[in-house]
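Geometric and topological summary
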Amino acid sequence: MNPLGFGLGLRPKHYRAILESKPRVDWFEALSENYMVPGGRPLHYLTRIRERYPVVLHGVSLSIGSADPLDRDYLKQLKALAARIEPEWISDHLCWTGVAGRNLHDLMPLPYTEGALRHVARRVRAVQEFLGRRILLENVSSYVAYRDSAMSEWEFLAALAREADCDILLDVNNIHVSAFNHGFNVLDFIDGVPRDRVKQIHLAGHDHCGDLIIDTHDAPVIDAVWRLYAEALRRLGPVPTMIERDDRIPPLGALVRELDRARSVAAVSPPKKAA
Amino acid sequence: MERRVLTTRRADARRRLGVYAEAYRSRLVEALANDYPALQAVLGEVGFDKMMREFVAAHPSRQPNLRWYGGEVGRFLARSARSRRRPLLAELARFEWALGLAFDAADAPLATAEDVARVPAVGWPAMRLRLHPSVQRLWLRSNAPQMWRAACAGRKPPAAAMRLRPSAWLVWRKGHEPFYRALPSAEAWALGAAARGRDFAFVSSGLRRFVGAERAAQTAAQFLRNWLAERLICAIEISRQ
C-alpha cells in the first residue's frame, strides 16, 4: 500500500483552484524556498492548503555536497517553516549548488568518490540532527560526469543512505535523462537503490536536444518514463508519487489527469515477489 | 573544471558545462523577469534580456534563495552606461522591487479605530504608531508608477517624464495585494516620523510648518484616521516618557 498516495507540485498559479475545486490529489509538494519569506500570500495559501492536504517540503538550496560550511541561516528558516507546516517529510537533492559563497541556482552533480561520500554523509547527519528528522535526497538530472568518480551514482546514493541513515527521493525522469546523457542502463540504477529507503518518486517531462536531454520540467511525462515508472514500482513496491511541473504550467485539471495516469500505471504494476 | 569533466561520444566537456552556464544565466534572468514585469514590458523582451544578462554578469548570486537575488537591479540601472541616461528605468525598478517587498512582507495584526477610541485624550500626545511591515516610502522623480500601471494592464506606457524635485509615494499591502499611492509632502513627513517611532505630539508639532499651527493637530488626527482605514497601522502604543 502506497502510504501517501499521489501528489502534485504546489504552484502559485493553482492556489485558488485547489481551494475551490478540491481536486483529486492526495498531497502536495511545496518548494521550501518559495515559502521562506516573511509573510503574505504564499504563506497564507500554503497554510490553507495544509489544512486540507498533507504537504511535503522540497528544497533546492541545501547544497549538501558543497565544500562550503552548511548554511545555518537556511537551515533555521527551513526548520521554522517545517514547524509551521508540519510536512510529512523534507527533501532536497544530492548535489552542490554553489561554492565560496556564490550560488549557481542549479543542481550540480558530485564526483562519486569515497571522500565525497564521507563528506556528504557527515553533512547529512548534521542536517538531520539539526532538523530532528530524516531527510530524503533526490538523484539529479546531470549533464556532466567527473573523471574522478570511482563508483556509479546509484552506488553512491545507496552507500549514502546507509552511512547517513537518510532516505531517497527517486526521480524516475532524472534517471532517464542522466542515463541518456551518460550512457548507463536505467534498470541498473533502479536495481541499485535500496528499496526500503525509497520514500517518494518524482515524475516530470524534459526537453530532448538531440545530443543531450535537458531536464526542463515543462512538458508532460513521456512514454519511456511511464514505462520506467512501472518498472520501478514492480521492483520497489508502492511508493508515494508526484508530478513536477515548473514551466509552461497547464491548468490544474490537466495535471490531475496526468496524475490519474500515474494511478493507473501503479494499479497494473504490482511488486514482483522478492527472490 | 573542463579537465575534470568527462568527454563522451555524445558530447564533449565544453558542451556539457555549457548547459549549466546557459541555465545559470537564463534562470537568473527568468527570476528577474518575475520581479520586474513592468521593466520587462517597457524594455521589451529582447532589451530586458540583454540588460539583465549584463546585471547577472556583474552580480554573481550570493543568495541561496532566488527571491532575494534582484534587489540591486535599480542601483545597477542607475549606474550602467546603457541605462543611466534613462533614469526612469532605475526608478521603475526601485518601485517594482518595493511592490515585491510589500507582497511578501511579514504579516501583522491590524489596529482599528476602536483601538484609538480607547486612548484617553490625555494619552494622545504620547501615542506611538507601529506601522505594518509592508509600509515603505519612496521618492521618485519620474512617472514610474503610471508607467508600471500601464505596463501591467498591457497598455502602451506613457512617455517618460522627469520632474526636478522628487515626490513621495507610499507602497504597502492590503490583504494579499500590494498597493501604492502618492504621498503629499506633509503626510510623507508625518508617516516618516511615525515610522521612526516619534510620538504623536512630535508629529503634530512638526506638521505646523506644513499646514500652520491652527490646523496641525487636526491634520495629524485626519492622517491617523486615514492610515487606520488603509490598514497601515498594526498597533497603537502609549509611551511612558
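Residues numbered from 1 in each chain as written. Chains lettered and ligands numbered in written order. Predicted model: local features only at pLDDT ≥ 70, side-chain atom pairs only at ≥ 80, totals over all residues. Heavy atoms only, no water.

**Considering the overall build of chain A**
- Broken down by element type, chain A carries nine helices and 12 strands.
- Its C-alpha atoms give chain A a radius of gyration of 18 Å, within 12% of the compact-globule value 19 Å for 275 residues.
- A principal-axis box enclosing the C-alpha atoms of chain A has dimensions of 50 × 45 × 40 Å.
- When burial is assessed residue by residue, chain A has 61% of its 275 residues classed as buried.
- Residue pairs in contact within chain A that sit at least 24 positions apart in sequence constitute 80% of those at least 6 positions apart.
- About 10,900 Å² of surface is accessible on chain A, with carbon and sulfur atoms providing 52% of the total.
- In chain A, the 35 positive side-chain charges and the 36 negative ones have mean positions that sit 5 Å from each other. (Helix = DSSP H or I, 4+ residues; strand = E, 2+ residues; numbered from the N terminus. Rg over C-alpha atoms; globule rule 2.2 N^0.38 Å. Buried < 20%, exposed > 50% of the residue type's maximum accessible area, 1.4 Å probe, protein only. Contact = heavy atoms within 4.5 Å. Areas by Shrake-Rupley, 256 points an atom, 1.4 Å probe, with all protein chains shown as cover. Lys, Arg positive; Asp, Glu negative; His and termini not counted. Charge placed at Lys NZ, Arg CZ, Asp CG, Glu CD.)

**A closer look at the domain arrangement of chain B**
- Segmentation of chain B into domains returns domain 1 (1–85) and domain 2 (108–241).
- Measuring from the centre of the C-alpha atoms in domain 1 of chain B to the corresponding centre in domain 2 of chain B gives 36 Å. (Domains from an automatic or database assignment.)

**What about the interface of chain B and chain A?**
- Counting from both sides, the interface comprises 34 residues of chain B and, opposite them, 39 residues of chain A.
- Surface buried jointly by chain B and chain A totals about 3,200 Å² across both partners, of which 53% is contributed by carbon and sulfur atoms.
- Where chain B touches chain A, the interface holds three salt bridges.
- If you look at where chain B meets chain A, you find 22 residue pairs in polar contact (both at pLDDT 80 or more).
- Partitioning the side of chain B that touches chain A into residue classes produces 17 nonpolar, four polar and 13 charged. (Buried area = accessible area lost by both parts, 1.4 Å probe. Salt bridge = Lys/Arg side-chain N within 4 Å of Asp/Glu carboxyl O. Polar contact = N/O pair within 3.5 Å; in protein donor to acceptor, adjacent residues only side chain to side chain. Nonpolar A, V, L, I, M, F, W, Y, C, P; charged D, E, K, R; others polar.)

**Here's the deal with the environment of Val60(A)**
- Within the secondary structure, Val60(A) is located in the loop between β3 (55–58) and α3 (72–85).
- If sequence neighbours within four positions are ignored, Val60(A) has contacts with Glu33(A), Tyr74(A), Asp92(A), His93(A), Thr97(A) and Leu107(A).

**Digging into the pattern of salt bridges**
Residue and element names in this part refer to chain A.
- As enumerated under the stated definition, the model contains 32 salt bridges over all chains in all.
- Note that arginine 261 and aspartate 223 form a salt bridge whose closest N and O atoms lie 3.1 Å from each other. You can see arginine 261 sitting in helix α9 (residues 252–267) and its partner aspartate 223 sitting in helix α8 (residues 223–236), a full 38 residues away along the chain.
- Aspartate 223 sits in the partly exposed class, given a relative accessible area of 45%.
- With a closest N to O distance of 3.7 Å, glutamate 231 and lysine 272 form a salt bridge. One end of the pair, glutamate 231, is in helix α8; the other, lysine 272, is in the segment after α9, with 41 residues separating them in the sequence.
- Under the relative-accessibility criterion, lysine 272 is labelled partly exposed at 45%.
- It is possible to trace a salt-bridge network through shared partners that takes in Arg134, Asp165, Asp167, Arg197 and Lys199.

**Some thoughts on the sheet that holds strand β4 (residues 177–183) of chain B**
Residues and elements named next belong to chain B.
- Pairing is antiparallel across the open sheet formed by three strands, whose spatial order is β2-β3-β4. The sheet is open, and its two edges are formed by β2 (136–142) and β4, each paired on a single side. Adjacent strand axes in the sheet meet at a mean angle of 35°, parallel and antiparallel pairs treated alike.
- Relative to strand β3 (residues 162–174), β2 runs antiparallel, the two being bridged by six bridges. Residue pairing in the sheet places arginine 137 in a bridge with leucine 170 of β3. (Pairing = 2+ DSSP bridges. Axes fitted to C-alpha atoms, helices over the stretch in contact; angles between N-to-C directions.)

**Points about the environment of Gly192(B)**
All names here are of chain B.
- Topologically, glycine 192 is positioned in helix α7 (residues 185–195).
- A residue is classified by how much of its surface remains accessible, and glycine 192, at 0% relative accessible area, is buried.
- Taking the C-alpha atoms as reference, glycine 192 lies 18 Å from serine 239; in sequence the two are 47 residues apart.

**Focus: the sheet that holds strand β1 (residues 6–9) of chain A**
All names here are of chain A.
- Strand order around the closed barrel formed by eight strands is β1-β2-β3-β4-β7-β8-β9-β12, with parallel pairing between neighbours. Across this sheet, the average inter-strand angle for adjacent strands is 30°, counted without regard to direction.
- Two elements, strand β8 (residues 167–171) and strand β9 (residues 198–203), share four bridges in a ladder whose sense is parallel. Note that in β9 the partner of leucine 170 across the bridge is isoleucine 201.

**Details of helix α6 (residues 172–182) of chain A**
Residue and element names in this part refer to chain A.
- Among the 11 residues that make up α6, nine are buried, leaving the element largely enclosed by the rest of the structure.
- Within the sequence span of α6, burial applies to Val172, Asn173, Asn174, Ile175, His176, Val177, Ser178, Ala179 and Asn181.
- With its phi angle positive at about 75°, glycine 183 sits one or two positions after the end of α6.

**Points about empty space enclosed by the protein**
Residues and elements named next belong to chain A.
- In total, this model carries one cavity of 30 Å³ or more according to the counting rule given.
- Estimates place the volume of the largest cavity at around 50 Å³.
- The wall of the largest cavity is formed by Ser32, Gly59, Leu62, Tyr74, Leu78, Ile90, Ser91, Asp92 and Ile135.
- Taken together, the elements giving at least two residues each to the lining of the largest cavity come down to α3 and β4 (90–93).
- A breakdown of the residues in the lining of the largest cavity according to their chemical character gives five nonpolar, three polar and one charged. (1 Å grid on protein atoms, 1.4 Å probe; cavity = no way out; pocket = protein on both sides within 12 Å on 5 of 7 lines; lining within 4 Å. Points joined across faces, edges and corners; volume = space filled by probe spheres on them.)

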